[in-house]
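Chain residues, written in single-letter form:
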Amino acid sequence: MLKVIDTAVPIACWSCSVAHNDSTLFCPHCSKIQPAAAGDFFQVFSLDRGFQIDLAALETEFHRMSRKLHPDRFARATEQEREWSLADTALLNDAYRTLKDPLHRTEYLLKLEGAEIGEEHAGKDRKNQQDPSRVPADLLEEVFELNMQLEEMRMARKMGEEDPALQADLEQARKKFEGLLATVDEDLRAQWQVWDAGDTTARQAAQKTMVALLDRRRYLSNLVRDVTETLGA
Amino acid sequence: MAELNLTGRVVGIDLGTTNSLVAYMQGEAPVVIPGADGLNLVPSVVALDPVPAEGGRPTVTVGNTARRALIETPERVIYSVKRLMGRGLHEIQDELKLFPFRIAEDVEEGEVPRIQLGELKFTPPEISAYILRQLKRNAERFFGAPVTQAVITVPAYFNDAQRQATKDAGRMAGLEVLRLVNEPTAAALAYGLDRAKEGTIAVYDLGGGTFDISILKLRDGIFEVQSTNGDTHLGGDDIDNLLLAIALDEIYSEHGVDLRAHPGAVQALRKAAIDAKIALSTEQAARFDIELPNGDRYQREIPREVFEIMIEPVLNRTVGPCKQALTDAGITPEQIDEVVLVGGSTRIPAVRQLVDDLFHLSARSKRPHIELNPDEVVALGAAVQADILAGASKSTEELLLLDVTPLSLGIEALGGTVARIIQRNSTIPASATEHFTTGVEGQTNVAIHVVQGEREMAADCRSLARFDLRGIPPMSAGLPRIEVKFLIDADGILKVTAREQRSGQAAKIEVKPTYGLTDDQVESMILDSFDHAEEDFAKRLLIEARNEAETILSAVERAPRSPAWAVLTGEEQAAIAAARDRLQAVNLGEDAKAIRDATLALDQATRRFAELMMEAAVSTAIRGKTMDAADEDLGEAVTAPHPMARAEFK
């Protein structure tokens, strides 16, 4: 289960010099820790690429590998071993963090498969939000209305005024957009199944759909965040 | 590390704002190691003795002795230095208003501030190093063997610079810091040791100067931190300052006396404020009764209800971080199975009530864990982690701590915004790889600004370091592809490496920490090296043993003059004489252990006599106390971090 690097080239263990084809994080001969080679996050857990993951099994495996690789286990080892333990564990943690979260996992796998995904960047997002060409076509009218209400609310807040009607409207809008978000998530999950079970053609189509869904999701969740921030201020 | 140290003990150290402790794993349970005075807590106070008459460098004292010097030579004493660790000049200006000591005049912005202590100047890590060295010596005295490796705890919400400063302090003290452990996580370890429990626990840690909240998941001996939050400037100090400010204010308006002109009186008042705070944890009311320099008396009763209303704003500042931690862990209060209380301030009933409300404890018939002494639990946990790292014990071999980074790591992007590369609450070690390129034809340098924090603009975050990637082969703009790897290690400290991918050259990185010491500076500040040598170590043990022997022998010499002596039976007097003769005999030899054993035996033999003396002393002390005498009494009992602080009037 510790197989990380996918390579047929035999590698000699740094410690016992025995070459082994079965590249692992521990030498099969002398059990010493080995440096991690470049591999993707699925390979870290010896998983096939796929959007659907057994999270309980992932956690168990994460704990099992942590016990072996963690720098705490190498506190008094040689400097070289400590360095590899640090690098191996960082990779393990990065992989676990990415794979356990459905959104991060989706984005990660889409990127691995060569899809172009919008940048996650707070500063940029704020600006893009104002850009009309970024607004999903079916939401144009509602987003326009919502932005007006948000502006009004911010003004009211600035003047120290209460506007219960506006507050209720905004809360209503938030509910609606949260509902839309949930729908996007359902659609994404459906596409996961299509991709995991499909052939190359089906996968291509699913990827395209997922990229669009992620764009829409990012837009919606930013809207919800703006409303929450304005209401909470 | 040139050679491996496989046999020496690893100790756990709680380097606190107010008090510090050292602990180790004794068999299956962690225990605190007492100092030569028999006390577990070493006050985090450092004093510079007067310059010796024959010249040379004055000696440095730490702990209770240093605290006593506060009254006579306040300008040669420093405390609460933890608040200054890893911070820049402009960051500590506000803080310093609460301290009687000052920054050396020649310190420039961007440098690690140095504090003027008498005629010498010290950086905060150096001051901390003196405290660590004292703890190291206490442990060495206890084991009779050198101690060179330690685990040191830090507030979970400490940033990169504060962590690095703590590690630097360890190195200066001659300690290899095997790991920095977050204080709430350490507390969880201390509690989790003897329970094979599963579930989600929250650790609420309100200490003297810092507040941390951590949420952990326990499963099969793995302590996995889900989220952490806090405030590195919130604690019992804030409550003391509040009480003190109110009292000073009232004394000024009712009696026309500005006590701030009388540092000794401020200290007495602070002690009264702390006593009142402590009393209010068990009593319904506390009383101030202070004689003022003009002969008036300041008398004031504080009912607990009033106290609770007063401190409510301070306590409420812990609510936001707790809620954020729950949100970040993705759970509701009902999903918290256990709550652990850490830090002296959690003794306050209002704090317990707040925690109860926050996590709906009573409603679910639950109570928070307070079984372990909240002043010691962090050190005990550090000892558990030390044992895990030593890898030598059955009782901890199944335990593993997976901690997180408390703050997001980002790099400054165009327009001063922050591009986040490692999110807060990521399990550490964690890494991120970013690619950079050039913007100008033939450019050979790229500057990168790394920040830590949650705000959107880099200017609002904590500047960590500026990296200068140099030696990029000259190419057309945008062509070089420099891969920079950011790695947060298991101590929560950032490491950076870079490579230019097109040419395959490793780009040189010059790391300029925004606040921090360079390697060379740390090297030059390493405290006297005689701690390392075995031979000197044996010599020191012998000297210490002889000093202790001399102290008790001279006390026994004076004993027959005390009225208490006559109360002893003839047998008791004979036993003391025999133990004294034995100690005098071995004290002529070179065997440190024999001297210590004989000292201990004499100490035992004189125990009843000491008690009789104590009773006599107490009854004398109760009669006719003056303000000045009250001042002198402060030495032993004060536990406040700012005994000499001047309160601010708002």
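Residues numbered from 1 in each chain as written. Chains lettered and ligands numbered in written order. Predicted model: local features only at pLDDT ≥ 70, side-chain atom pairs only at ≥ 80, totals over all residues.

### Some thoughts on the overall build of chain A
Selection rule: Secondary structure follows DSSP: runs of H or I at least 4 residues long count as helices, runs of E at least 2 residues long count as strands, and numbering of each begins at the N terminus. In this description, any two residues whose backbone-derived C-beta atoms lie within 7 Å of each other are considered to be in contact.
Along the backbone of chain A there are eight helices and two strands. Along chain A, from the amino end to the carboxyl end, the secondary structure elements read β-β-α-α-α-α-α-α-α-α. Look at the contacts in chain A between residues 6 or more apart in sequence, and 54% of them connect residues 24 or more apart.

### Looking at the overall build of chain B
We apply this condition: To sort residues by burial, count the other C-beta atoms lying within 10 Å of each one's C-beta; a count of 20 or more means buried, 12 or fewer means exposed, and anything in between means partly exposed. C-beta atoms are built from the backbone.
If you tally the helices and strands in chain B, you get 18 helices and 27 strands. Within chain B, the proportion of its 650 residues that are buried is 46%. Nonlocal contacts in chain B, meaning residues at least 24 apart in sequence, comprise 70% of its contacts between residues at least 6 apart.

### Looking at unusual backbone geometry
All names here are of chain B. Omega for the bond connecting isoleucine 428 with proline 429 falls within 30 degrees of zero, at 0°, which places this linkage in the cis form. Relative to the elements of secondary structure, proline 429 occurs in the loop between strand 21 (418-422) and strand 22 (430-436). Backbone geometry places histidine 360, a non-glycine residue, at a positive phi of 50°. Along the polypeptide, histidine 360 turns up in the loop between helix 10 (349-358) and helix 11 (377-390). One non-glycine residue with positive phi stands out, namely asparagine 425, at about 65°.

### What about the environment of Ile543(B)?
Residue and element names in this part refer to chain B. In this fold, isoleucine 543 is placed in helix 13 (residues 534-558). Isoleucine 543 sits in the exposed class, given 11 other C-beta atoms within 10 Å. With 19 residues separating them in the primary sequence, isoleucine 543 and serine 524 have C-alpha atoms 27 Å apart.

### A look at the pairing of strand 25 (residues 482-488) of chain B
All names here are of chain B. This is how it is decided: Strand pairing is assigned whenever DSSP identifies at least 2 bridges connecting the two strands.
Burial runs high along strand 25: five of the seven residues are buried. Of the strand pairs in this sheet, strand 25 and strand 26 (residues 494-500) are connected by seven bridges, and their pairing is antiparallel. The residue bridging leucine 487 from the neighbouring strand is lysine 495, located in strand 26. Taking the residues that link successive antiparallel strands as the turn, the strand 25-strand 26 hairpin has five residues, and the phi of glycine 492 there is positive, at about 80°.

### Topic: the interface of chain A and chain B
Heads up, the rule is: Any residue that is not Ala, Val, Leu, Ile, Met, Phe, Trp, Tyr, Cys, Pro, Asp, Glu, Lys or Arg is counted as polar, Gly included; the first ten are nonpolar and the last four charged.
Contact with chain A, which involves 19 residues of that partner, is made by 29 residues of chain B. Elements that contribute at least two residues to the side of chain A that touches chain B include exactly helix 2 (55-69), helix 3 (79-100) and helix 5 (122-130) of chain A. It is helix 3 of chain A that contributes the most residues to the side of chain A that touches chain B, seven residues altogether. Within the side of chain A that touches chain B, the residues separate by chemical class into five nonpolar, seven polar and seven charged.

### Here we look at the sheet that holds strand 18 (residues 338-342) of chain B
Residues and elements named next belong to chain B. Short version of the rule: Here the axes come from fitting lines to C-alpha atoms, over the contacting stretch only for helices, and the angles between their N-to-C directions go from 0 to 180 degrees.
If you walk across this open sheet you meet the five strands as 18-13-14-15-19, and the pairing is mixed. The open sheet is flanked by strand 18 and strand 19 (400-402), the only strands paired with a single partner. Strand-to-strand twist in this sheet, taken as the mean axis angle between neighbours without regard to direction, amounts to 25°. Inspection of the sheet shows strand 13 (residues 199-206) paired to strand 14 (residues 211-219) by eight bridges, in the antiparallel sense. Opposite tyrosine 204, over in strand 14, you have isoleucine 213 as the bridge partner.

### Quick word on the confidence of the model for chain A
Residue and element names in this part refer to chain A. The following threshold applies: For every residue, the predictor reports its confidence as pLDDT, a number between 0 and 100.
Of all residues in chain A, 83% have pLDDT values of 70 or greater, and the mean over the chain is 81. Within chain A, the element-level pLDDT minimum falls on helix 5, averaging 47, and the maximum on helix 2, averaging 93. Low pLDDT, under 50, characterises residues 1-9; the predicted model gives this stretch 24 contacts beyond four residues in sequence or across chains.

### A closer look at the packing of helix 2 of chain A against helix 3 of chain A
All names here are of chain A. Condition: Angle categories are assigned with fixed cut-offs, so that under 35 degrees is roughly parallel, over 145 is roughly antiparallel, 65 to 115 is roughly perpendicular, and the rest are oblique.
Where helix 2 contacts helix 3, the two axes come as close as 10 Å, and the packing angle between them is 170°. Relative to helix 3, the element helix 2 lies roughly antiparallel. The residues of helix 3 that touch helix 2, namely those facing Leu55, Leu58, Phe62, Met65, Ser66 and Leu69, are Ser85, Asp88, Thr89, Leu92, Tyr96, Leu99 and Lys100. Its residues assigned to classes, the contact of helix 2 with helix 3 comprises eight nonpolar, three polar and two charged.

### Regarding the nonpolar core
Residues and elements named next belong to chain B. Note the cut-off: In plain words, the nonpolar core is the set of buried Ala, Val, Leu, Ile, Met, Phe, Trp, Tyr and Cys residues that C-beta atoms within 7 Å link up.
With 175 residues, the main nonpolar core has Val11, Ile13, Ala23 and Ala386 as its most contacted residues. Take this core: its biggest share by element is 11 residues, from helix 11. Excluding residues that lie within four positions of it along the chain, alanine 386 makes contacts with Val10, Val11, Gly12, Tyr24, Met25, Ala150 and Val151. In this structure, Ala545, Ala579, Ile595 and Phe609 belong to the second largest nonpolar core, which totals 12 residues.

### Examining helix 5 (residues 183-192) of chain B
Taken across its 10 residues, helix 5 of chain B has 10 buried, putting it largely inside the fold. Taken residue by residue, helix 5 of chain B has Glu183(B), Pro184(B), Thr185(B), Ala186(B), Ala187(B), Ala188(B), Leu189(B), Ala190(B), Tyr191(B) and Gly192(B) as its buried positions.

### Let's talk about the sheet that holds strand 8 (residues 102-103) of chain B
Residues and elements named next belong to chain B. Within the open sheet, the three strands sit side by side as 8-9-10. Their pairing is antiparallel. In this open sheet, the two edge strands, each paired with only one partner strand, are strand 8 and strand 10 (120-122). Inspection of the sheet shows strand 8 paired to strand 9 (residues 115-117) by two bridges, in the antiparallel sense. Across the sheet, the residue bridging to isoleucine 103 is isoleucine 115, located in strand 9.

### Examining the packing of helix 3 (residues 124-143) of chain B against helix 4 (residues 160-172) of chain B
Residues and elements named next belong to chain B. Stated formally: Helix crossings fall into two classes, left-handed where the near helix is turned counterclockwise from the far one by less than a right angle and right-handed where it is turned clockwise.
Across the interface, helix 3 lies against helix 4 with an axial gap of 8 Å and an inter-helix angle of 50°. Relative to helix 4, the element helix 3 lies oblique. Considering only the axes of helix 3 and helix 4, their crossing is right-handed. Between helix 3 and helix 4, the residues in contact are Pro124, Pro125, Glu126, Ser128, Ala129 and Leu132 and Ala165, Thr166, Asp168, Ala169, Gly170 and Met172, respectively.

### Some remarks on helix 16 (residues 592-605) of chain B
Applicable threshold: Here, expected helix span is obtained from the residue count minus one, scaled by 1.5 Å.
Look at helix 16 of chain B: 20 Å from first C-alpha to last across 14 residues, which is about the 20 Å you get at 1.5 Å a residue. Inspection of helix 16 of chain B places Ala592(B), Ile595(B), Arg596(B), Ala598(B), Thr599(B), Leu602(B) and Ala605(B) among the buried residues, and these make up the whole buried set.

### Comments concerning the environment of Phe142(B)
The topology assignment puts Phe142(B) in helix 3. Accessibility expressed as a C-beta count within 10 Å gives 18 for Phe142(B), which makes it partly exposed.

### Let's talk about the environment of Ser431(B)
One can find Ser431(B) in strand 22. Along the backbone, Ser431(B) and Arg499(B) are 68 residues apart, and their C-alpha atoms lie at a distance of 15 Å. If sequence neighbours within four positions are ignored, Ser431(B) has contacts with Ala90(A), Asp94(A), Lys485(B), Phe486(B) and Leu487(B).

### Details of the confidence of the model for chain B
All names here are of chain B. When the pLDDT values of chain B are averaged, the result is 83; 89% of them are 70 or greater. Long-range and interchain partners of residues 1-6, a stretch whose pLDDT sits below 50, account for six contacts in this model, where long-range means more than four residues apart. Taken together, the stretch residues 622-650 has pLDDT below 50 and engages in 57 contacts with residues farther than four places along the chain or on a different chain. Scored as a whole, the predicted complex attains pTM 0.80, and scored at its interfaces, ipTM 0.81.

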